[in-house]
Amino acid sequence: MASFLDMGIEFLKGVGPQKAEALRLELNIHNLGDLISHYPFRHEDRSRIYTVSELSSEQVQVQLQGHVFLKGVIGQGQGRRLTALFRDETGEIELVWFKGIAFLEKSIKNGALYRVNGRMSLFKGKANMAHPELDWVDPNAASQKVQRSLVPVYPLTDGMRRRRLDNRFMAQLTLTAVSHPDFAVPENLPTAILEKFKLPSRTEALRELHAPQHIDRLEKAKNRLKFEELFYLQMRHLMVKGNRQRSFPGIRFDRVGDLFNTFYQKHLPFALTGAQKRVMKEIRVDMNSGKQMNRLLQGDVGSGKTMVALLTALIAMDNQYQVALMAPTEILATQHFQSLQEALGLMPVRLHLLTGSSSKKQRETILSEAADGRLQLLIGTHALLEDQVQFQNLGLVIVDEQHRFGVAQRAKLWKKGQQTPHVLVMTATPIPRTLAMTLYGDLDVSVIDELPQGRKPIQTALRSIGNRAIVMDFLKKEIALGRQVYYVFPLIEDSDKLELQSLMSGYETVTQYLPTPQYKYSLVHGRMKPEEKESEMQKFKKGQSDIMVATTVIEVGVNVPNASVMVIENAERFGLSQLHQLRGRVGRGAEQSYCILLSGHKLSENGRRRLETMVATNDGFEIAKVDLELRGPGEIDGTRQSGILDLKLADIRADEAILIAARTEAQAWLAQDELLMLPSSAPIRLELARSPHRTLWSKIS
Ligand code: ADP
Ligand code: MG
């Protein structure tokens, strides 16, 4: 049935060939189905008219009525703008437009009565409104045309605006479409779910979304559409997981052998925390289940993920499989190599390190040993991904600090085995549960939510740069006690040269207070060669330097338990999760550790909130929550690339309850009908067939 939705957009009343062309080019809207899938991102309440005297600077969206007086065009280039004065009985504000100036200048009737819709803001203490929408109020018309009280606001492109196809145009089009007698869309949720949650039909919901009649009904419509969005997000995750488990039988690691047992009984340097034990149990069950493991291991900085990785690797090796461990930087890969080598001591495990700076000869040995199976554990950077690296029987892939790796990169490693290896992805970025569900819905998640015993919580203080001298005195005292200090500078620009400059001038400042050669320094920055970096790191690790001055290259994973102070200059320039990662470099030994955030005097509201959060809590999950709130999910590390969070309506922060309901329903549905064969699953089958996108992503995590 060629439905109403397939009708070309040019056939809709009010759309000629030219406008149709613009809709196609600018918004990818070809037919009515596309049009109603172009959701408004908010609705404006035009049910009431405000007066200027009622306005406060924080008002979201207001409607005013009064006279508009053109003032003219001022400014040059980017700042060129048209201004007008708006006046009602209670006061005046300024109206400003930066675009469409010529047209507006011609069409605004100077001094006439207008309805004005827009957002209020304060600029240099004066109230103004940028790009308001104007509706001329005809004093002679018997009664003003009835205003819609809830107006949908659509995403528009500049190209649309240039053609003067504005929001009013879009709102009129969708209104025409959804008011058409033939308007109907196929239902994509099963009846049982609609009834259970008393959700409106898809047709009703879309009609209300585009042409709202009532705020309550609009709310219900939005909830239904959000549910639908999240339900299908989860459904896709779960289908992918199901497919994967059906098509790739996991290698069965059913032996816990000599390596694991000997290590556990004789070489484990400390007792595992309860959380580490629990996670190990989860991993062992997974790897012996006959299903391929795809597990995300979340644990705050310092929670001891490396030990879990090692124990997991030993199980794989006990079962005669090879293991690859990949870290995002050379420093980290080297550190892993060294600490695992040290932990393993004289145990018979053949391990190698492969990085960009491995010599040709080393590479040759590694490649041949990996291929013939002699090599048991290969640790490295991106170098592991190269095609020449082939394993004889790769059984386990461990990826450290997951967010540094792109999706495609992980996929490459995953494909290196004959069979599908088990995958353990470790991350220190604490992700709120809702985000984890959305992003990694098809992964199993293990959490280390407990730090090793005897750790004292890091004390965090916020100081302004005016107090640098006091901070430096404190550093002297700590160093006199035999401790070490990290001193971190932000990357001001994304340029190596500037990085070096700012680091060097920072270093000079520090040495004024803590002079050489009395105080010994390590210096690490992104411009150094890996060997140089490594040697500076080693100096610090061995206690041959007191202070490590660095840019954020030390952000993740570096482990020097004797370091007790982390100073972060211009802390307001860092994101929350980065600050938390940096702070995690200290507090790794038994000593009391400190984090000192130095900030400039002028802080943005968000900047202040970030620093205050750091002072208030050490809890990574708490910090992740605030981070999500301040930045939005699209900005959280590693999620931007996923494209998975381009939800149209749902907001995983605000709509947690809907997300959980949607996930529960999707799980329950698949538990009943794994392959969606039952007649009642027909709407789901159709919807998945209609939009099969986004399925690939998580297969490879
Ligand atoms: P992360 O989870 O940040 O990778 P690491 O694995 O580097 O943390 O561990 C941080 C420090 O804690 C290391 O020095 C490690 O040896 C130590 N550690 C790990 N587990 C324990 C434990 N159960 N008890 C005491 N110390 C531990
Ligand atoms: Mg680590």
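Since we're looking at a predicted model, the values are computed, not measured.

The rules behind each value
- Residues numbered from 1 in each chain as written.
- Chains lettered and ligands numbered in written order.
- Predicted model: local features only at pLDDT ≥ 70, side-chain atom pairs only at ≥ 80, totals over all residues.
- Heavy atoms only, no water.
- pLDDT = per-residue confidence, 0-100.
- Contact = heavy atoms within 4.5 Å.
- 1 Å grid on protein atoms, 1.4 Å probe; cavity = no way out; pocket = protein on both sides within 12 Å on 5 of 7 lines; lining within 4 Å.
- Points joined across faces, edges and corners; volume = space filled by probe spheres on them.
- Helix = DSSP H or I, 4+ residues; strand = E, 2+ residues; numbered from the N terminus.
- Nonpolar A, V, L, I, M, F, W, Y, C, P; charged D, E, K, R; others polar.
- Domains from an automatic or database assignment.
- Polar contact = N/O pair within 3.5 Å; in protein donor to acceptor, adjacent residues only side chain to side chain.
- Near = heavy atom within 4 Å.
- Areas by Shrake-Rupley, 256 points an atom, 1.4 Å probe, with all protein chains shown as cover.

Regarding the confidence of the model for the chain
Okay, step 1: Of the residues in the chain, 88% reach a pLDDT of 70 or more, and the chain-wide mean stands at 85.
Okay, step 2: pLDDT under 50 marks residues 634-644. Its contacts with residues more than four places away, or in other chains, come to 27 contacts.

So, the layout of surface pockets
Okay, step 1: Approximately 1,100 Å³ is the volume attributed to the largest pocket.
Okay, step 2: At the level of elements, β1 (42-45), α3 (101-107), β5 (113-118), β8 (133-136), α4 (158-162) and α5 (167-179) are the ones that each hand at least two residues to the lining of the largest pocket.
Okay, step 3: Within the lining of the largest pocket, the residues separate by chemical class into 14 nonpolar, seven polar and 13 charged.
Okay, step 4: Inspection of the lining of the largest pocket shows a minimum of three residues originating in each of domain 1 (1-41 + 151-184) and domain 2 (47-147).

Quick notes on the side chain of His38
Okay, step 1: Mapped onto the elements, His38 comes out in the loop between α2 (32-37) and β1.
Okay, step 2: A polar side-chain atom of His38 sits 3.0 Å from the main-chain carbonyl oxygen of Pro155.
Okay, step 3: In contact with His38, other than residues within four places in its own chain, are Leu27, Ile29, Tyr154, Pro155, Met170 and His210.

Structural notes on unusual backbone geometry
Okay, step 1: Thr516 connects to Pro517 through a cis peptide bond whose omega is -5°.
Okay, step 2: With respect to the element layout, Pro517 can be found in the loop between α17 (496-513) and β19 (521-524).
Okay, step 3: Look at Asn28: it is not a glycine, yet its phi comes out positive at around 60°.
Okay, step 4: Within the secondary structure, Asn28 is located in the loop between α1 (17-27) and α2.
Okay, step 5: If you check the backbone angles, Gln320 has positive phi at about 70° while not being a glycine.

Observations regarding the site of ligand 1
Okay, step 1: As a matter of local geometry, ligand 1 sits amid 16 residues, with Gln276, Gly302, Lys305, Thr306 and Arg455 nearest to it.
Okay, step 2: Between ligand 1 and the protein, one listed contact pairs an oxygen atom with a backbone N or O atom of Gly304 at 3.1 Å.
Okay, step 3: Expressed as a share of its isolated accessible area of 570 Å², the protein-covered part of ligand 1 is 82%.
Okay, step 4: Grouping the constituent residues of the shell around ligand 1 by class yields five nonpolar, seven polar and four charged.

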